[in-house]
Amino acid sequence: MKHKTRKATRHVNQNEGLIFEKSSPGKAAWKLPPLDVPEVDASALLGSSERKDLGNLPEVSEIEIIRHFTRLSTWNYAIDLGMYPLGSCTMKYNPRVNELVVRLDGLANGHPYQPERISQGALRIIKTLSDCLLEITGMDAITLQPAAGAHGELTGLLLVRAYHQSKGAPRKKILIPDSAHGTNPATAAMVGYAVENLKSNAQGMVDVAALTAQMNDDVAALMLTNPNTLGVFEQEIHKIAEIMHAKGGLLYMDGANMNALVGKVRPGDFGVDVMHLNLHKTFSTPHGGGGPGSGPVAVKQILEPFLPTPVAVTRPDGTLAFDYDRPQSVGRVRAFYGNFGMFVRALAYILANGPDGLRQTTEDAVLNANYIRKGLEGAYDLPYSTPSMHEVVFSDKLQAKKGVKTMDIAKRLIDYGFHPYTTAFPLIVPGALMIEPTESESKEEMDLFVEAMRSIAEEVEEDPQTVLDAPHSTRVSRLDETAAARKPVLRWKPGN
Amino acid sequence: MRYLPKSPADRKAMLQAIGARSIDDLFAPIPAEYRLGRDLKVPRQMAESEIVDWFRERARENGDSYATFLGAGAYYHYRPVIIDSLISRGEFLTAYTPYQAEISQGTLQSIFEFQTMICELTSMEVANASMYDGSTAAAEAVMMAVRLTGRRSVVIARSLHPEYREVLTTYAHHQNMPLSTCSFGDDARLNLKELEQSITSDTACVLIQSPNFLGTIEDTTAIAEIAHRKGAMLVVSIAEAVSLGIVEPPRKADVIAMEAQSFGVPLGFGGPYCGVIATRDQFVRQMPGRLVGQTTDRTGKRGFVLTLATREQHIRREKATSNICTNQALVALMVNIFMTIYGKVGLKELAKQNLAKTAYAAAQFSKHTKVLFAGASRFNEFVVQTSEDPYAINSRLLGHKIIGGLPLKKFYPELGNAALWCCTELTTRTAIDTAVGLVAESERSVKATKEEVDAQEVER
């Protein structure tokens, strides 16, 4: 490597096959206690329903399992290893006390159908978290049932639809800005709405004139991410809300970027009618390699009657309970009450922060994004000069002249010890580099990041091939995704 | 704030570098009238020790150390210690979705192993990387069948988990998918005659659960035959994954929608759990959710990537197979490790213990009261019908630190004073005997009261 790397980069290069390749008959990592009831004859009990063979499940010992997964884990990058600046993903520190409290016996082993009188602890957690989230968002009522952000969107639009239906007609369309996340249009389709694209203006914000022209009685809602995916706060949000409300429409806010707002401004105060939160982004629950998430939906009073069943309520005697008797409800979106384990973690995070910590967190997240923006200006093209909140979007325009694209720069960043930023999104920026540092990065880590990014920009000028061939330091080089999709191999088979 | 890695001097230096006078400059884009000029009304900042104490108190209020006979879609099985040791590694816990394959091979390979083991267990050819849970997996599997057949209506077994039915109703409501219900017979198995009549030329699929909500194992081969003969698909929901250790998988099903919580996932008051969809190769392009595939790198080395993304929302937007993005990856890893631990032999032995405990408990209960649906095989759940309201019996059981079976009145009023009981390998004979004793006592006292009333009537 020509350029000096100041961050640890070298991956552990241990070879590790598939677990099936270590299996041999007679090895075992389990031991059951002796039965305290009589043995049974499975074939007598089950007849033709008895299963004789479990196919190719592995047979391995405990130490092999520990080594297998530990070795695999070393091939992953993680927040615990360093900065993970994925835009709109809010990869912040995942506090370890959250992991401890969620494993406390009464919470980890609580059955969803155990009687309410011995579920007061879980209900208290649900109620306390609900109250905190309502205060943070400035909304009136909430459901914690949705299992992830997209599931929250689905729930939110079901509420929108039920609301309009109660007024006579569900309406036909959802307006979605061209900068939106792909889940927004996919969700609208699932709720039976047509999607109408809304163009952004030169500042990367909603074009208010276009919105005025497109808004009519057929539009059920506008789905808006604020700050939007460029990291820009919609400065005319009050006008946007007014335009929607004047024609009987609702304003939906995708809360993916709530990390820019907590403790500083509340969506409920600027006209939002319904929104979802991502506990796995803003409220520190771990991403775990792709989930689980949790996507609570908060609403204004007008939408409260439609919330999914059940809803947590306080009884006159002060005890907590679930209310199932909600005739106008949109119904259930998930069995039981949602991803409760994520509620515990999110509440632990809120308690660890308090009002001052939450505000400082937001301020630091915005400070960090602007610090990176300043540090990279000049080296990378900034397509929108509008002020940034918690994330900043550059483009590969300067590097593309040398044939180097955003994905190449991202792969080269790996060699410098960082996880890539979000590439090629939002769609309104060709060749986007979307960077969200979150509050969890120190000045030192960000200085290293800026240095790495500037160094790559220089490499593009001097030796673009090094960047095009990156990463050079990982266990595997770039993988053939085309071949993977053309002839899919989606499982191991004996003899493979 | 202890999670924030900056000194006041750092903040000052950074503001200077940016060219801002104060942090307020950076929030200037937010119109002043909306900025919050006060503290949020949330509890004050707590020390770590206070947080632990607060949650310990909640845990104590939450049925800590009760023995349970509850199942009904959430099962209490033993979780081997190394599951948490491994999933607590920051490299798994704090990684994002593995879009950058070169630095996500750990997550990707483990998902590939997960997909493989789910295929082996379900007898299907392809499984996805996870769905939110069993209920949403069932709903998405049905929507998949609708896309595949070009038909719109769905026949649902009444013995499907009632909350799964509710979720499907919610999902189907705005997609022009008419739903009808097929009842169960005296053995709690699907009423096949009724099924024949329910399937029309517009039926996309039949959705059943096996073992079903009442604990009975369905004849999936016969049901598949009926569905297929009429051009409909068969979607089978499996809520108790451990059953797959000893119960034949529904080999004739077209799609299997599973809840894998039983495989090493804590009950956790209902979530997070781990849904999965498995199906035939030929249907993979209509499958929702993420898929990991094997490929090679530039030097020919084996590696894994997320693949067939053209089905997904970030590529296809409103034309995607589903809006799902974040799934249940870390929970799927728990499931994966659990399947690896028990493996080919252990899973069978584990399932056998469930079978034995349940057979014992059902036999004990039937000495004193009615155990319904004895005509068909069951795995680890059964329905007990009592003379007294099961809520009243359960209330007394709580005094013995036992949580009794789930009263079914709310879901199946026609079954009267019935409750769904579940035994797993963790259910002790002592707990079974205590519960049976209390139910026997209840039966005796109801009988005695009845005899007394009868005697009084004779006297009159």
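Source: prediction; values computed, not measured.

### Some points on the overall build of chain A
So, step 1. If you tally the helices and strands in chain A, you get 15 helices and 12 strands.
So, step 2. Here the C-alpha atoms of chain A give a radius of gyration of 25 Å, agreeing with the 23 Å that 2.2 N^0.38 yields for 496 residues.
So, step 3. Projected onto its principal axes, the C-alpha coordinates of chain A cover approximately 75 × 70 × 45 Å.
So, step 4. Here chain A holds 496 residues, and the buried ones make up 58% of them.

### Regarding the environment of N354 of chain B
Residues and elements named next belong to chain B.
So, step 1. Tracing the backbone shows N354 in helix α12 (residues 329–366).
So, step 2. The spatial distance from the C-alpha of N354 to the C-alpha of G231 is 37 Å, given a sequence separation of 123 residues.
So, step 3. Excluding its chain neighbours within four sequence positions, the residues that come into contact with N354 are V242, F379, N380, C423, T424 and E425.

### What to know about the domain arrangement of chain B
Residues and elements named next belong to chain B.
So, step 1. The domain architecture assigned to chain B consists of domain 1 (81–339) and domain 2 (346–459).
So, step 2. The C-alpha-based centres of domain 1 and domain 2 are spaced at 32 Å.
So, step 3. Listed per partner, the contact involves 16 residues of domain 1 and 19 residues of domain 2.

### Thoughts on the domain arrangement of chain A
Residue and element names in this part refer to chain A.
So, step 1. Taken domain by domain, chain A consists of domain 1 (98–350) and domain 2 (356–482).
So, step 2. Domain 1 and domain 2 are separated by 30 Å when their C-alpha centres are compared.
So, step 3. With 18 residues of domain 1 at the contact, the number on the domain 2 side is 20 residues.
So, step 4. Per-class residue counts for the side of domain 1 that touches domain 2 are seven nonpolar, nine polar and two charged.

### Brief notes about unusual backbone geometry
Residues and elements named next belong to chain B.
So, step 1. Following S210, the chain continues into P211 via a peptide bond in cis, with omega recorded as -10°.
So, step 2. Mapped onto the fold, P211 is located in the loop between β5 (203–209) and α10 (220–229).
So, step 3. That bond from G271 to P272 is cis: its omega, 0°, falls within 30 degrees of zero.
So, step 4. Looking at where P272 falls in the secondary structure, it is placed in the loop between β7 (255–259) and β8 (275–279).
So, step 5. Unlike most non-glycine residues, A188 shows phi in positive territory, near 70°.

### Some words on the sheet that holds strand β2 (residues 173–177) of chain A
Residue and element names in this part refer to chain A.
So, step 1. Read from one edge to the other, the open sheet built from seven strands follows the order β1-β7-β6-β5-β4-β2-β3, with strand pairing classed as mixed. The open sheet has two edge strands, β1 (141–143) and β3 (194–198), and neither has a second partner. Averaged over all adjacent pairs, the angle separating strand axes in this sheet is 25°, with direction ignored.
So, step 2. Lying on the sheet, helix α7 (residues 183–190) is in contact with β2, β3, β4 (219–225) and β5 (250–254); it crosses β2 at an angle near 175°.
So, step 3. Seen against the sheet, helix α9 (residues 237–246) touches β4 and β5 and runs at an angle of roughly 135° to β5.

What counts as what
Residues numbered from 1 in each chain as written. Chains lettered and ligands numbered in written order. Predicted model: local features only at pLDDT ≥ 70, side-chain atom pairs only at ≥ 80, totals over all residues. Helix = DSSP H or I, 4+ residues; strand = E, 2+ residues; numbered from the N terminus. Rg over C-alpha atoms; globule rule 2.2 N^0.38 Å. Buried ≥ 20, exposed ≤ 12 C-beta atoms within 10 Å, placed from the backbone. Contact = placed C-beta atoms within 7 Å. Domains from an automatic or database assignment. Nonpolar A, V, L, I, M, F, W, Y, C, P; charged D, E, K, R; others polar. Pairing = 2+ DSSP bridges. Axes fitted to C-alpha atoms, helices over the stretch in contact; angles between N-to-C directions.

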